Protein chains: 2
Amino acid sequence: MTALTPVDAKALADIALFAALPPAVLEEAAAMARTRPLPRGLRIFDQGEPAGRAHALLSGGVRITQAGSDGEEILVRLIGSGEIFGCVPVLTDGLYPADATAIVDAVELSWDPADLLALMQRHSRIAINMVAIVGKRLGEAQERLRELATQSADRRIARTLLRLLDQAGCRTGDGLRIDFPLRRKDIADIAGTTLHTASRILAAWQRDGLLISRNRHLVIASPEAMDRIAEGN
Amino acid sequence: MTALTPVDAKALADIALFAALPPAVLEEAAAMARTRPLPRGLRIFDQGEPAGRAHALLSGGVRITQAGSDGEEILVRLIGSGEIFGCVPVLTDGLYPADATAIVDAVELSWDPADLLALMQRHSRIAINMVAIVGKRLGEAQERLRELATQSADRRIARTLLRLLDQAGCRTGDGLRIDFPLRRKDIADIAGTTLHTASRILAAWQRDGLLISRNRHLVIASPEAMDRIAEGN
């Protein structure tokens, strides 16, 4: 528990959960929010513990991972700025379904789950925005499932990179850069393959000039070529 | 487009989307709904077409499948009575993300997407119920992803059967029966394995008395033993 710092309502306008809301509602939500810096490496919450807060990221990046009863782990999602995380338990069983760790220095907003629920009850637009966000993630999870069941590792890795570009891409001089620092292990985990296979495929793409690795960031030199690999052409 | 038949508001009380709503709201939603019989085998909607209606199942079962650009298909979900389907596009891109087919004679309710959106705007509880439903499905999709990436086929099939019991199980004299008619191909598709592997595993469990197949339905004779397989013990 950190000290309360007043939250600027303008910061909330960049969070998809609060899209298309009048200033008065943003101020109401800001008044209930707490802001907190998340130093790189910080474990924000643990899988299975009561969801004490509902979170949104103002800047930085957060890795969401989930382990099974056998300890095997997958990377569920990378959270970028403007995205919510650890909010669904408010409406399900009240337990965080996964671990969350800051992958760079980051800043979050958070709410008491009861306050977020009250906000959704008073302003249906917030609940509707949340359906859209969770629905889009469900669509992506189903896409990943289909890929994992039916597609080769290189196509899955290409799709993974394209989805990350879609989520957090920015244009640079030599291509499109993914705005998350990524280890090869992260790519392997998201694409559902082994570190060995992911390393082999990424190294080949780097040799071919498709991909550039710079300061723990990946730059896709040719999104068109990546798209062709993803489509199996 | 079938003729309008008046819908009994009481029927809506069994649909999770309308849980915990006062009778007046159920009547409002019923007045906007259309009911329609779905004969077994009917294709209810096609992946990629504009989502002309938002659906809920009053009785029967519906298979939701999704194909990739390469034609490879997965079984996304089986929908049982009281569940919604084809409702998320109302809040995302307006296109059905998958195909829906009746697997037994069934009855659905449906709404004009604009009417469902208006209902959610007026009654935040409906939007909140939808977050809970979609959030639960997201959790299940992530669980399937983790299993597919990390677990053996027999454990994935055992988890699939246990999840189906959870969704549509009923007690019989010799165990717990899954209330959907299931082909071995369905089990294989949900668990993300081949028909050959699923058939081999299911046949072994039938020989061992763990599983009984009767009139296209599966009965789990010992849910405890199935649970041990799912947990890898």
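All values reported here derive from a predicted model rather than from experimental measurement. (Residues numbered from 1 in each chain as written. Chains lettered and ligands numbered in written order. Predicted model: local features only at pLDDT ≥ 70, side-chain atom pairs only at ≥ 80, totals over all residues. Heavy atoms only, no water.)

This paragraph deals with the pattern of salt bridges. Residues and elements named next belong to chain A. Counted under the stated rule, the structure contains 32 salt bridges over all chains. With its nearest N and O atoms 2.7 Å apart, the salt bridge here joins Arg 163 to Glu 143. With Arg 163 in helix α5 (residues 153–168) and Glu 143 in helix α4 (residues 124–150), the pair connects residues that are 20 residues apart, well separated along the chain. Several salt bridges share partner residues, and in doing so they unite Arg 77, Glu 83, Lys 136 and Glu 140 into one network. (Salt bridge = Lys/Arg side-chain N within 4 Å of Asp/Glu carboxyl O. Helix = DSSP H or I, 4+ residues; strand = E, 2+ residues; numbered from the N terminus.)

Before going further, it helps to spend a moment on the sheet that holds strand β3 (residues 54–59) of chain B. Residues and elements named next belong to chain B. Taken in spatial order, the four strands of this open sheet run β1-β8-β3-β6, and their pairing is antiparallel. Here the strands that pair on one side only, and so sit at the sheet edges, are β1 (34–38) and β6 (84–85). In terms of strand pairing, β3 meets β6 through two bridges, oriented antiparallel. Its bridge partner being in β6, Ala 56 is matched across the sheet by Ile 84. (Pairing = 2+ DSSP bridges.)

If you roll a probe as big as a water molecule over the atoms, it shows you where there is empty space left. As a volume, the second largest pocket reaches approximately 970 Å³. If you go around the second largest pocket, you meet 40 residues; those closest to its centre are Gln 66 and Pro 97 of chain A together with Gly 139, Glu 140 and Gln 142 of chain B. Ranked by residues supplied to the lining of the second largest pocket, first place goes to helix α4 (residues 124–150) of chain B with nine residues. Its residues assigned to classes, the lining of the second largest pocket comprises 16 nonpolar, 11 polar and 13 charged. (1 Å grid on protein atoms, 1.4 Å probe; cavity = no way out; pocket = protein on both sides within 12 Å on 5 of 7 lines; lining within 4 Å. Points joined across faces, edges and corners; volume = space filled by probe spheres on them. Nonpolar A, V, L, I, M, F, W, Y, C, P; charged D, E, K, R; others polar.)

The next point concerns the relation of the copies chain B and chain A. In the superposition of chain B on chain A (RMSD 0.0 Å, axial shift 0.0 Å), the rotation amounts to 180 degrees. Accordingly, the operation relating the two chain copies is best matched by a two-fold axis. Mapped onto chain A, 100% of the interface residues of chain B again fall at the interface, so both copies present the same surface. (Least-squares fit on C-alpha atoms with pLDDT ≥ 70 in both. Contact = heavy atoms within 4.5 Å.)

This part is about the sheet that holds strand β11 (residues 211–214) of chain A. All names here are of chain A. Pairing within the open sheet is antiparallel, and its four strands lie in the order β9-β10-β12-β11. Where the open sheet ends on each side, the last strands, each with one partner, are β9 (169–172) and β11. Ignoring which end each strand starts from, the neighbouring axes of this sheet average 30 degrees apart. Alignment of strand β10 (residues 175–178) against strand β12 (residues 217–220), held across two bridges, turns out to be antiparallel. Looking across to β12, one finds that Leu 176 is bridged to Ile 220. In the packing of α5 onto the sheet, the strands contacted are β9, β10, β11 and β12, and the crossing angle to β10 comes to about 85 degrees. (Axes fitted to C-alpha atoms, helices over the stretch in contact; angles between N-to-C directions.)

Moving on to the domain arrangement of chain A. Residues and elements named next belong to chain A. Here chain A is described as being made up of domain 1 (9–146) and domain 2 (151–230). Each partner contributes to the interface: domain 1 provides 15 residues, whereas domain 2 provides 13 residues. Between domain 1 and domain 2, a total of about 1,200 Å² is buried, with carbon and sulfur atoms accounting for 49% of that surface. The largest share of the area that domain 1 buries against domain 2 comes from Leu 75, Leu 78 and Arg 144, three residues that together contribute 39% of it. Seen at the junction of domain 1 and domain 2, the total is six residue pairs in polar contact (both at pLDDT 80 or more). (Domains from an automatic or database assignment. Buried area = accessible area lost by both parts, 1.4 Å probe. Polar contact = N/O pair within 3.5 Å; in protein donor to acceptor, adjacent residues only side chain to side chain.)

A rise of 1.5 Å per residue sets the reference length of helix α5 (residues 153–168) of chain B, with its 16 residues, at 22 Å; its end C-alpha atoms lie 22 Å apart and thus fit the reference within 8%. Here α5 of chain B lies mainly inside the structure; 13 of its 16 residues are buried. (Expected span 1.5 Å × (residues − 1). Buried < 20%, exposed > 50% of the residue type's maximum accessible area, 1.4 Å probe, protein only.)

The description of an aromatic ring pair rests on the distance of the ring centres and on the angle between the ring planes. Inspection of every chain in the model, using the stated rule, returns six aromatic pairs over all chains. Centre to centre, the rings of Phe 45 of chain A and Phe 85 of chain A are 6.0 Å apart; their planes meet at 25 degrees, and the pair counts as stacked. Remark: Phe 85 of chain A occurs in strand β6 (residues 84–85) and Phe 45 of chain A occurs in strand β2 (residues 43–45); sequence separation between them is 40 residues. You can call Phe 45 of chain A buried: its relative accessible area is 3%. Among the residues examined, Phe 85 of chain A registers a relative accessible area of 2% and is labelled buried. Between the aromatic rings of Phe 18 of chain B and Trp 111 of chain B, the centroid separation amounts to 5.4 Å while the plane-to-plane angle is 50 degrees, which identifies the pairing as tilted. Of this pair, Phe 18 of chain B sits in the loop between α1 (9–12) and α2 (23–32) while Trp 111 of chain B sits in strand β8 (residues 106–111); the two residues are 93 residues apart in sequence, bridging distant segments of the chain. The exposure class of Trp 111 of chain B is buried, given its relative accessible area of 1%. (Phe/Tyr/Trp six-rings, centres within 6.5 Å; stacked < 30°, edge-to-face > 60°.)

Turning next to empty space enclosed by the protein. Summed over the entire model, instances satisfying the criterion amount to three cavities of 30 Å³ or more. Computed from the structure, the largest cavity encloses a volume of approximately 230 Å³. Breaking the lining of the largest cavity down by element, the ones donating at least two residues are β5 (73–79), α4 and α5 of chain A together with α4 of chain B. Here the lining of the largest cavity is composed, by residue class, of nine nonpolar, three polar and five charged.

Counting residues at the interface gives 40 residues for chain B and 40 residues for chain A. Between chain B and chain A, roughly 3,500 Å² of surface is buried when both sides are summed, and carbon and sulfur atoms account for 71% of that area. The largest share of the area that chain B buries against chain A comes from Val 131, Leu 145 and Arg 146 of chain B, three residues that together contribute 18% of it. Summed over the shared surface of chain B and chain A, the number is zero salt bridges. Run the count over chain B and chain A and you get two residue pairs in polar contact (both at pLDDT 80 or more). Those elements that place two or more of their residues in the side of chain B that touches chain A are β4 (62–67), β5 (73–79), α3 (113–122) and α4 of chain B. The leading source of residues in the side of chain B that touches chain A is α4 of chain B, at 21 residues. Tallied by class, residues from the side of chain B that touches chain A come to 18 nonpolar, 11 polar and 11 charged.

Counting residues in each nonpolar core, the largest one holds 101 residues, and the members touching the most others are Phe 18, Trp 111 and Met 130 of chain A together with Phe 18 and Trp 111 of chain B. Sequence-distant contacts of Phe 18 of chain A, defined by excluding residues within four places in its chain, comprise Leu 12, Leu 26, Ala 29, Trp 111, Ile 126 and Asn 129 of chain A. (Core = buried A, V, L, I, M, F, W, Y, C linked by side-chain atoms within 4.5 Å.)

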